Amino acid sequence: MIYKRSSALFQEAKKYIVGGVNSPVRAFKAVGGDPIFVKKAKGAYLYDEDDRRLIDYISSWGPMILGHAFDPVIEAIIETTKNGTSYGIPTELETKIAKLAIDMVPNIDKIRFVNSGTEACMSAVRLARGYSGKDKIIKFAGCYHGHSDAFLIQAGSGAVTFGSPNSPGVTANTAKDTLLARYNNLEDVEQLVRANKNEIAAIIIEPVAGNMGCIIPENSFITGLRAVCDRENILLIFDEVMTGFRLAKGGAQETLGVKADLVCFGKVIGGGLPVGAFAGPQEIMSHLAPEGPVYQAGTLSGNPLAMSAGFETLNYLNEHPEIFDSLESKTKTLHEGIDGILKAKDLPYQINRYGSMISVHFTDQAVVDFDSAASGNNKYFKNYFHGMLKEGVYLPPSAFESYFLNDALSYEDIDFTLSALQKIADADIL
Ligand SMILES: *Cc1c(COP(=O)(O)O)cnc(C)c1O
C-alpha cells in the first residue's frame, strides 16, 4: 500500500471535515481512490505523508509559479510576520504591491485587494452592475469564476438560454440574471445581446480558460467580444485569476492583445497566501466604496502577511520576465513528449497548451468549449492519472483542470515525467 498513511489520514479527516477536504476537487471524486496528503513541498516537488516524492504539475492550482517554498517569498513572510499579521489599518506594503501590479498590467489605474479569486470576481460583477445600472451578465459554460451564487449557473434547456442553478441553494432569481454562452461562440453572445438589449452589464470570461482543461480562445472570438462590448456599452471582465502574472507580466490582456474593462486576479498575485484583487480604469473603479457607492470590504483584505508573499512573487517575476518564456518552452517540451508517446497508442487524445498551461483530453474532438472538453473518456483519464501518480507525478485529479508548470521544474523533471508516461503506456495501463 504505497498510499497507506495518506489513506489513513483521509479516513480521519472525513470524521471532522465535510468529505475530508476543504475544496471538493481535492477529494479525487473524478478519478477515484483516496487523495494524497502532503507533508511538505519544495521547488518542483511535493513530499507526501508516505514519504514519496512527487513532481508537482498543479503548483497549488497556479500560485506557486516560482516553485514551492521559494526562499525570497518565505523570508519575506517570516520577516513581515514578526511585526504582526493583521491590523485592519492601512500599511505602506499595500501601496507597494498595488503600484507594482498596476505597472505590470495594462489598462488598469486602480486596484482593490481581497482574499480570494471568488471575492474578486463577485466584487467585479457588483461593480460592473453598480457602474452601468444594468443587472444581467453573460458567462461562458465551463468557465469558473469562484463559487459565488451568480456564477454557479448552468445552461438551461436549449443551447442559448437563461441559466439555471447548478447547485442547490442558488435561487432561480439569481440564475435569471446570468446568461450562458458557449466558449469560442460569438454567435451565442450576439443572440443573447439581441434578446437582452440594454440589460447586460458585463461579459465575464477566462481569457484563456483553465477550468475545463486548458482552452485557447480563437482570435476572432476574443476580439469579437471586445467589439460587441464596445458597440453595446457592456463591460468586458477578464477573469485572470489563473492567467494573471502567469502568461506574462500583463497576463492574457498582454498576450492576446485585447483590452479588458475590469480584470480579476487571484492565485499568483498572493504567492501562495489567500489573495485576490480586481482592477480597472479610474473611471470605473471610482464607483467603489469609499470613493463611490458600490460597497465592498474585508477585515483581512490587504493584510501584511499576504501582501508580502504577493509582493515578493510579483516583484521576482517583474525582475525576471524571462521566466514566462522559459515556462512556455518547458511546457512545449512536455507537450511534444506526451504527444510522441500517446501517438504510438491506439487511443483518441488532444493536447491543449497556452503558455505554461496545458491539458490532455482523451477525445478525438478538438477541445474548444465545455461540450468538447466533456467528451473526454474518463476511463482513460483515470488510468493516466493514477498511473502517473504511482510513478511519482502529480497531475490535476480531474480532466477539467489545467496543469500549471512552475519555474522550479527542470528539464530532468520533464524527462522523468515522460519516462513515467512511457512506462505506463508500455505496460498498457493506458
Ligand atoms: C481559482 C479560480 C477562481 C476562484 O478563486 P478562489 O481563490 O479559489 O476563490 C476564479 N476564477 C478562476 C478563473 C479561477 O481559476
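S.K.: Can you help me understand the nonpolar core in this one?
M.R.: Generally speaking, a soluble globular protein has its nonpolar side chains buried in company with each other. Ranked by size, the top nonpolar core spans 110 residues in total, and within it Tyr-57, Phe-140, Ile-205, Phe-245, Phe-265, Phe-362 and Tyr-384 carry the most contacts. If you tally residues by element for this core, the top one is helix α11 (residues 322-343), at 7 residues. Setting aside residues up to four positions removed in sequence, Phe-362 forms contacts with Leu-342, Leu-347, Pro-348, Tyr-349, Ser-375, Gly-376, Asn-377, Tyr-380, Phe-381, Tyr-384 and Leu-430. Among the nonpolar cores identified, the runner-up in size contains 22 residues, and Val-114, Cys-121, Ala-124 and Ile-204 belong to it.

S.K.: Explain the pattern of salt bridges to me, please; I cannot follow it from the model alone.
M.R.: For the structure shown, the criterion picks out 20 salt bridges. As a salt-bridge pair, Lys-42 and Asp-71 come within 3.0 Å of each other at their nearest N and O atoms. With a gap of 29 residues between them, Lys-42 in strand β1 (residues 38-42) and Asp-71 in helix α2 (residues 71-81) connect regions that are remote in the sequence. Note on Lys-42: relative accessible area 39%, which makes it partly exposed. The exposure class of Asp-71 is partly exposed, given its relative accessible area of 44%. In this structure, Lys-332 and Glu-336 form a salt bridge, with 3.2 Å as the shortest nitrogen-oxygen distance. Within this pair, Lys-332 and its partner Glu-336 are both found in helix α11, separated by 4 residues, close to a single helical turn. When its relative accessible area of 39% is taken as the criterion, Lys-332 is described as partly exposed. One salt-bridge network, in which partners are shared between bridges, spans Glu-190, Lys-197, Arg-231 and Glu-232.

S.K.: What exactly am I supposed to notice about the pairing of strand β8 (residues 178-181) here?
M.R.: Remark: a regular strand shows side chains that alternate across the two faces of the sheet. Where burial is concerned, the two faces of β8 agree: the one with Thr-178 and Leu-180 and the one with Leu-179 and Ala-181 are both buried. In this sheet, β8 lies alongside strand β5 (residues 136-140) in parallel orientation, the contact comprising 4 bridges. Residue pairing for β8: Ile-138 is matched across the bridge by Leu-179.

S.K.: Would you mind going over the domain arrangement of the chain with me for this structure?
M.R.: Many analyses report the size of an interface as the accessible area lost when the parts associate. The domain boundaries assigned to the chain delineate domain 1 (4-69 + 322-426) and domain 2 (71-319). On a C-alpha basis, the centroid separation for the pair domain 1 and domain 2 is 25 Å. Contacts between the two partners involve 31 residues from domain 1, matched on the other side by 32 residues from domain 2. With both sides pooled, the region where domain 1 packs onto domain 2 buries about 2600 Å², and carbon together with sulfur makes up 68% of that total. Counting every contact that joins domain 1 to domain 2 gives 1 salt bridge. Within the residue set of the side of domain 1 that touches domain 2, elements represented by two or more residues are α11, β13 (350-354), β14 (357-361) and α12 (370-374). Broken down by element, the side of domain 1 that touches domain 2 gets its largest block of residues, 4 residues, from β14. Partitioning the side of domain 1 that touches domain 2 into residue classes produces 19 nonpolar, 7 polar and 5 charged.

S.K.: It is not clear to me how the side chain of Asn-196 should be interpreted in this structure. Could you clarify?
M.R.: Structurally, Asn-196 can be placed in the loop between α6 (186-195) and β9 (200-205). Exposure remark for Asn-196: the relative accessible area of 4% places this residue in the buried category. Within the local environment of Asn-196, its side chain forms a polar contact with the backbone oxygen of Leu-192, the two atoms lying 2.8 Å apart.

S.K.: It is not clear to me how the site of the ligand should be interpreted in this structure. Could you clarify?
M.R.: Taken together, Ser-116, Gly-117, Thr-118, Tyr-144, His-145, Gly-146, Glu-206, Asn-211, Asp-239, Val-241, Met-242 and Lys-267 make up the full set of residues adjacent to the ligand. In this structure, Asn-211 approaches the ligand through a side-chain N or O atom, which is 3.2 Å from an oxygen atom. Between a nitrogen atom of the ligand and a side-chain N or O atom of Asp-239, the distance comes to 2.6 Å. Starting from 380 Å² of accessible surface for the ligand in isolation, the protein chains cover 82%. Looking at the shell around the ligand, its residues break down into 3 nonpolar, 6 polar and 3 charged.

S.K.: Explanation requested: the environment of Lys-39 in the structure shown.
M.R.: Within the fold, Lys-39 resides in strand β1. Among the residues examined, Lys-39 registers a relative accessible area of 45% and is labelled partly exposed. Linking Lys-39 and Leu-334, residues 295 residues apart in sequence, is a C-alpha distance of 27 Å. Aside from chain neighbours lying at most four places away, what touches Lys-39 is Tyr-47, Asp-48, Glu-49 and Asp-51. Polar side-chain contacts of Lys-39 include one of 2.7 Å to the side chain of Asp-51.

S.K.: Honestly, the sheet that holds β14 in this entry has me stumped. Any pointers?
M.R.: By way of backbone hydrogen bonds, the strands of a sheet pair with one another, either parallel or antiparallel. A sheet is described by the order of its strands in space; here 3 strands give the open sequence β13-β14-β16, paired in antiparallel fashion. Whereas interior strands pair on both sides, the edge strands pair on one side only; in this sheet they are β13 and β16 (403-404). When β14 meets β16, the two strands line up antiparallel, connected through 2 bridges. From the neighbouring strand, Ile-358 faces β16, where its bridge partner is Tyr-403. The strands touched by α11 are β13, β14 and β16; relative to β13, the strand with the most contacts, the crossing angle is about 175°.

S.K.: What am I meant to see in the packing of α2 against helix α10 (residues 304-319) here?
M.R.: The packing of two helices is summarised by the inter-axis angle and the distance between the axes. Contact geometry for α2 and α10: axes closest at 9 Å, N-to-C directions at 155°. Considered as vectors, α2 and α10 are oriented roughly antiparallel to each other. Helix-helix and strand crossings are classified by hand; for α2 and α10 the assignment is right-handed. Residues Pro-72, Val-73, Ala-76, Ile-77, Thr-80 and Thr-81 of α2 form the contact with α10, whose participating residues are Pro-304, Leu-305, Ser-308, Ala-309, Glu-312 and Thr-313. Looking at the contact of α2 with α10, its residues break down into 7 nonpolar, 4 polar and 1 charged.

S.K.: Teacher, can you tell me more about the packing of helix α13 (residues 378-391) against helix α14 (residues 411-426) here?
M.R.: Packing of α13 against α14 brings their axes to within 9 Å, and their N-to-C directions diverge by 125°. Regarding the angle of α13 to α14, the classification is oblique. By crossing handedness, the relation of α13 to α14 is classed as right-handed. Along the contact surface, α13 presents Tyr-384, Gly-387, Met-388 and Glu-391, while α14 presents Phe-416, Thr-417, Ala-420, Leu-421, Lys-423 and Ile-424. In terms of residue class, the contact of α13 with α14 is made up of 6 nonpolar, 2 polar and 2 charged.

Criteria and thresholds
Residues numbered from 1 in each chain as written. Predicted model: local features only at pLDDT ≥ 70, side-chain atom pairs only at ≥ 80, totals over all residues. Heavy atoms only, no water. Core = buried A, V, L, I, M, F, W, Y, C linked by side-chain atoms within 4.5 Å. Buried < 20%, exposed > 50% of the residue type's maximum accessible area, 1.4 Å probe, protein only. Helix = DSSP H or I, 4+ residues; strand = E, 2+ residues; numbered from the N terminus. Contact = heavy atoms within 4.5 Å. Salt bridge = Lys/Arg side-chain N within 4 Å of Asp/Glu carboxyl O. Pairing = 2+ DSSP bridges. Domains from an automatic or database assignment. Buried area = accessible area lost by both parts, 1.4 Å probe. Nonpolar A, V, L, I, M, F, W, Y, C, P; charged D, E, K, R; others polar. Polar contact = N/O pair within 3.5 Å; in protein donor to acceptor, adjacent residues only side chain to side chain. Near = heavy atom within 4 Å. Areas by Shrake-Rupley, 256 points an atom, 1.4 Å probe, with all protein chains shown as cover. Axes fitted to C-alpha atoms, helices over the stretch in contact; angles between N-to-C directions. Parallel < 35°, antiparallel > 145°, perpendicular 65-115°, else oblique. Left-handed = near helix turned anticlockwise from the far one by under 90°.

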